[in-house]
Amino acid sequence: MTVGETEAMDGVAARLERDAAAAIRAAETTEALADAVTAVLGKRSALARAHRDLAGLDPNARREAGRMLHDARQRLEELVAARREELAASERRAMLEGDRLDLTEVTTVASPIARGHLHLVDQTQRALEDVFVAMGFTVAEGPESETDWYNFEALNIPPAHPARSMWDTFYLDLGQPETVVLRTHTSPVQVHLMEEQAPPIHAVMPGRCYRHETPDARHLATFHQLEGLVVDKGITFADLAGTLETFTNAYFGADIHTRLRPAYFPFTEPSAEVEITCTICLGAGCRTCSNTGWVELAGCGMVDPAVFEAVGIDPTEWTGFAFGFGIDRCAQMRHGIADLRVLDENELRFLRQF
Ligand code: PHE
């Protein structure tokens, strides 16, 4: 090998090293780096070929050229090691970053333990209780299944009384036929309370009721009432009217009023239906209130002396009033719900609004 050949080898080794180094630096992932290593340092690489070509050189030139190629390979291997470390570090960073994003996704987008809240009817029941408690009433509850005595007879509705048809009743298959019912209203809780407690009584009694009815936009077969009962000395119809108006203003707002229309209930005399200003049109008249400007919300009246007698309270000493609100109807009026049946459907997109 001549000096010229050695110089030529020098140039070849430098070019090979430059190209190989560029390929190593260009690798953006550890996988790409592995491919680059095979390409520039592997058996079929230009460098390996140059090594094989050394065989054709004379011994001196071979030694010199061999050293150059060997040194070049060593520098390239160091470069590969450095690049591998660099890529591994940045890939680890990217993975951690990715994990962090995943965690964020779990907590904000698809949390399997989403937090629930009370159903609108329960919220409404509590809000109504709060208003009456603030007015000095206590809260009492009673059973959902009742004997005929509590649901009807003690309330001045004897067997075969025509007024029974006001309540389409579900009977339970217990005891004698038609003696145990799912309560059709909360009025039987009045009877329990008056049996257990001597007057004066100022109580509200919320709870679930059942009627054998086909549900429609304003009626459900399973619904909720809030019964009110006051038994005291010298209680008059004016106390009843004032209590209802105070409640309505507190719960629905100062622009919503009550009016009483004559009605019939066996357990109250006189009796009335409670209507409030339609909350949808504020009294102007709309479809929801059949253009009357008023919507029925409750039944009420002065406790019939026959009821006092059934529970052993002296009607010459005590007088009282009672009312029964539809809790679901209150929710409907308060929140402008067109069709009550949504309360039963467990449609989360509806329920989550409240
Ligand atoms: N219990 C009656 C009903 O469900 C409502 C009512 C309660 C009426 C109290 C008067 C007094 O229809």
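Just so you know, these numbers come straight off a predicted model, no measurement behind them.

Undergrad: Account for the domain arrangement of the protein chain, naming residues and giving values.
TA: Under the domain assignment used here, the protein chain contains domain 1 (3-103) and domain 2 (120-351). Here the C-alpha centre of domain 2 lies 89 Å away from the C-alpha centre of domain 1.

Undergrad: Can you break down the site of the ligand residue by residue, with the values?
TA: Surrounding the ligand, one finds 14 residues, the nearest of these being His185, Ser187, Arg211, Gln225 and Glu227. Between Ser187 and the ligand, the recorded distance is 2.9 Å, taken from a side-chain N or O atom to a nitrogen atom. Here an oxygen atom of the ligand and a side-chain polar atom of Arg211 are 2.9 Å apart. Listed by contribution, the elements that provide at least two residues to the shell around the ligand are β5 (222-232), β8 (294-303) and β9 (319-326). Sort the elements by how many residues they give to the shell around the ligand and β9 lands first, with 3 residues. Partitioned by chemical class, the residues of the shell around the ligand number 6 nonpolar, 6 polar and 2 charged.

Undergrad: Lay out the sheet that holds β9 in plain terms, naming residues and giving numbers.
TA: Ordered by their spatial adjacency, 7 strands build an open sheet running β1-β4-β5-β9-β8-β7-β6, and the pairing between neighbours is mixed. Since the sheet does not close on itself, it has two edges, and those belong to β1 (138-139) and β6 (258-265), each with one partner. Alignment of β8 against β9, held across 5 bridges, turns out to be antiparallel. From the neighbouring strand, Cys300 faces β9, where its bridge partner is Phe323. The sheet contacts of helix α8 (residues 237-252) involve β6, β7 (268-277), β8 and β9, and relative to β9 the element is tilted by about 30°.

Undergrad: How would you explain the packing of helix α5 (residues 120-134) against helix α10 (residues 327-335) if you had to name every residue and give the values?
TA: Packing of α5 against α10 leaves a shortest axis separation of 9 Å and a crossing angle of 95°. Taken together, the axes of α5 and α10 lie roughly perpendicular to each other. Along the contact surface, α5 presents Leu120, Val121, Thr124, Gln125 and Leu128, while α10 presents Ile327, Asp328, Cys330, Ala331 and His335. The class makeup of the residues in the contact of α5 with α10 is 6 nonpolar, 3 polar and 1 charged.

Undergrad: Got a sec to walk through the packing of aromatic side chains? Specific residues and values, please.
TA: Within this structure, the stated rule accounts for 14 aromatic pairs. Aromatic side chains Phe132 and Phe247 sit 4.8 Å apart centroid to centroid with 10° between the ring planes, which places their arrangement in the stacked category. A residue pair is termed long-range when its members are at least 10 positions apart, and Phe132 in helix α5 and Phe247 in helix α8 qualify at 115 residues. For Phe132, a relative accessible area of 0% puts it in the buried group. Relative accessible area serves as the criterion here: at 0%, Phe247 is assigned to the buried category. Summarising the aromatic geometry, the rings of Phe265 and Phe267 are spaced 5.8 Å apart at their centres and angled 25° between planes, so their arrangement reads as stacked. Comparing Phe265 with Phe267 shows no difference in burial state: the two are buried. Chaining the aromatic ring pairs together yields one cluster made of Phe132, Phe137, Phe247, Tyr251, Phe252, Phe321, Phe323 and Phe325. For Lys233, the ring lying beneath its charged end belongs to Trp318, and the centroid distance is 4.7 Å.

Undergrad: Residue-level account of the nonpolar core, with values.
TA: With 43 residues, the main nonpolar core has Phe132, Leu226, Phe247, Phe252, Phe323 and Phe325 as its most contacted residues. Not counting residues within four places of it along the chain, the set of residues in contact with Leu226 comprises Leu128, Glu129, Phe132, Thr186, Val204, Met205, Pro206, Phe323, Gly324, Phe325 and Ile327. Counting residues in each nonpolar core, the second largest holds 26 residues, with Ile201, Phe265, Phe308 and Ala322 among its members.

Undergrad: So what's going on with the state of the cysteines? Which residues, and what values?
TA: Evaluation of the coordinates by the stated rule reveals 0 disulfides. Between Cys289, a free cysteine, and Cys281, which holds the nearest cysteine sulfur, the sulfur-to-sulfur gap is 3.7 Å. Taking the relative accessible area as the measure of exposure, Cys289 reaches 3% and is therefore buried. Here Cys300 is not cross-linked by a disulfide; its sulfur's nearest cysteine counterpart is in Cys330, at 13 Å. Assessed through its relative accessible area of 2%, Cys300 is described here as buried.

Conventions adopted
- Residues numbered from 1 in each chain as written.
- Predicted model: local features only at pLDDT ≥ 70, side-chain atom pairs only at ≥ 80, totals over all residues.
- Heavy atoms only, no water.
- Domains from an automatic or database assignment.
- Near = heavy atom within 4 Å.
- Polar contact = N/O pair within 3.5 Å; in protein donor to acceptor, adjacent residues only side chain to side chain.
- Helix = DSSP H or I, 4+ residues; strand = E, 2+ residues; numbered from the N terminus.
- Nonpolar A, V, L, I, M, F, W, Y, C, P; charged D, E, K, R; others polar.
- Pairing = 2+ DSSP bridges.
- Contact = heavy atoms within 4.5 Å.
- Axes fitted to C-alpha atoms, helices over the stretch in contact; angles between N-to-C directions.
- Parallel < 35°, antiparallel > 145°, perpendicular 65-115°, else oblique.
- Phe/Tyr/Trp six-rings, centres within 6.5 Å; stacked < 30°, edge-to-face > 60°.
- Buried < 20%, exposed > 50% of the residue type's maximum accessible area, 1.4 Å probe, protein only.
- Lys NZ or Arg CZ within 6 Å of the ring centre and 35° of its normal.
- Core = buried A, V, L, I, M, F, W, Y, C linked by side-chain atoms within 4.5 Å.
- Disulfide = S-S within 2.5 Å.

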